[in-house]
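Residues per chain, in single letters:
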Amino acid sequence: MANVRVYPNEKVRRVVATIPLGHKHLRLVIELEDQTIVLQEAAAAAIVRAYVDVVTHPTRGAIELVGRRVSGAKAGYAEHQLVESGRGEEEVLDEVAKILSG
């Protein structure tokens, strides 16, 4: 994985969650010291879903979400979603350890 950046809390300037005028869905603006990232609602919701799934589960230590085109999604849902990859937890944990070790 090329160009991995880790942003500790002090490198995050601010986070803004908003539904912009003329839009129906949330945008999450993340201002970092060197760039600004804007996530659409589907991506922000997937991150929250993954966070809650790992933090509140009594044994789960990791989950991987991957971008997929979802046919037959519920009304109002984006066609492209981040959904569970099905990879094993140990495989995901090993990959993240390699990423973080440089």
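Now for a description of the structure that goes with this document. Bear in mind that the values here come from a model prediction, so they are computed numbers and not experimental data.

## Comments concerning helix α1 (residues 41–56)
Inference 1: In this model α1 runs 22 Å from its N-terminal to its C-terminal C-alpha over 16 residues, within 8% of the 22 Å that 1.5 Å per residue would give.
Inference 2: Along α1, the residues classified as buried are A44, A46 and A50. Buried residues of α1, viewed axially, fall in a sector of 160°; they line one side. Those residues of α1 that are exposed and aimed more than 90 degrees away from the buried face are V48, V55 and T56.
Inference 3: Among the structural elements, β2 (27–32), β3 (36–40), β4 (65–69) and β5 (80–84) are those in contact with the buried residues of α1.

## Re the sheet that holds β3
Inference 1: The 3 strands are arranged β1-β2-β3 in an open sheet whose pairing can be described as antiparallel. Every interior strand has two partners, whereas the edge strands, β1 (12–18) and β3, have only one. Each strand axis lies, on average, 15° off the axis of its neighbour in the sheet, ignoring direction.
Inference 2: The sheet contact formed by β2 and β3 spans 5 bridges and is antiparallel. For V29, the partnering residue across the bridge sits in β3 and is V38.
Inference 3: Across the sheet, α1 touches β2 and β3, and the angle it forms with β3 is around 90°.

The rules behind these values
- Residues numbered from 1 in each chain as written.
- Predicted model: local features only at pLDDT ≥ 70, side-chain atom pairs only at ≥ 80, totals over all residues.
- Heavy atoms only, no water.
- Helix = DSSP H or I, 4+ residues; strand = E, 2+ residues; numbered from the N terminus.
- Expected span 1.5 Å × (residues − 1).
- Buried < 20%, exposed > 50% of the residue type's maximum accessible area, 1.4 Å probe, protein only.
- Arc of directions from axis to C-beta.
- Contact = heavy atoms within 4.5 Å.
- Pairing = 2+ DSSP bridges.
- Axes fitted to C-alpha atoms, helices over the stretch in contact; angles between N-to-C directions.

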